Amino acid sequence: MKFLTTILLLIAPIFAYSQGERDNDFDKRIRILESRNQKLSNELKSVKESNRKLENTLSGMTDKLQTEITKSQELQAQNERAMNLALDEFAKKFEKQNETVKGVQDTLDSKFNNQLIYFVLALIGVVVVAITIMRSSTKKALNQNIANWNDFQTHLLKK
């Protein structure tokens, strides 16, 4: 019996670990995983290709954008130069206008001063003439009054 048990124990592990139907199941799983791995590899390849295309597009767009920025900056610089020239011209015209206004103001001031002097001289002349006429009329009136008084006195004395 010992002998039989020993043989049975030696043969039993061979049958216990045999690869029958399990082998087919593992093969199917391996094939499924391999096909899935192939699909994922294909997808990864297409994603890498898309990524490369997007990088090329992005690089082209970056170059175009940089070109547009450069053009815009050049245009802005031209506009600034034109604006500075216009402002310089405006400043020159403004200063010229200020000089003209100052010249006109000086002329008006001198004319006003001259007119004021003429007015004051005329006023003094009128005052002098008025005083002279007043003195003359006062003297004439006084002489006439004296003559009338004298006539009155002589008339009274004769009576």
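Relevant structure appears above.
This is a predicted model, so every value here is computed, not measured. (Residues numbered from 1 in each chain as written. Predicted model: local features only at pLDDT ≥ 70, side-chain atom pairs only at ≥ 80, totals over all residues. Heavy atoms only, no water.)

## Section: the overall build of the chain
Next, step 1: Counting its regular elements, the chain contains two helices and zero strands.
Next, step 2: In terms of C-alpha radius of gyration, the chain reaches 65 Å, well past the compact-globule figure of 15 Å for 159 residues.
Next, step 3: When the backbone C-alpha atoms are referred to their principal axes, the chain occupies close to 215 × 40 × 20 Å.
Next, step 4: A burial count over the chain gives 0% of its 159 residues as buried.
Next, step 5: Working note: accessible area of the chain is about 15,600 Å², and carbon and sulfur atoms make up 62% of it. (Helix = DSSP H or I, 4+ residues; strand = E, 2+ residues; numbered from the N terminus. Rg over C-alpha atoms; globule rule 2.2 N^0.38 Å. Buried < 20%, exposed > 50% of the residue type's maximum accessible area, 1.4 Å probe, protein only. Areas by Shrake-Rupley, 256 points an atom, 1.4 Å probe, with all protein chains shown as cover.)

## Considering the pattern of salt bridges
As a working rule, side chains carrying opposite charge can pair if their charged atoms are close by.
Next, step 1: This model, assessed by the stated rule, comprises one salt bridge.
Next, step 2: Notably, a salt bridge pairs Arg52 with Glu49, separated by 2.2 Å at the nearest N-O pair. Pair noted here: Arg52 and Glu49 are both in helix H2 (residues 21-158), with a separation of three residues, about one helical turn.
Next, step 3: By relative accessible area, Arg52 is classed as partly exposed at 41%. (Salt bridge = Lys/Arg side-chain N within 4 Å of Asp/Glu carboxyl O.)

## Overview of a nonpolar patch on the surface
Next, step 1: Together, Phe112, Leu116, Ile117, Tyr118, Phe119, Val120, Leu121, Leu123, Ile124, Val127, Val128 and Ile131 line one region of the surface with nonpolar side chains, adding up to about 1,200 Å² of accessible area.
Next, step 2: Structurally, Phe112 is set in helix H2.
Next, step 3: Taking the relative accessible area as the measure of exposure, Phe112 reaches 51% and is therefore exposed. (Patch = residues over 30% accessible without salt bridge, like charges linked within 9 Å, V, L, I, M, F, W, Y side chains within 5 Å.)

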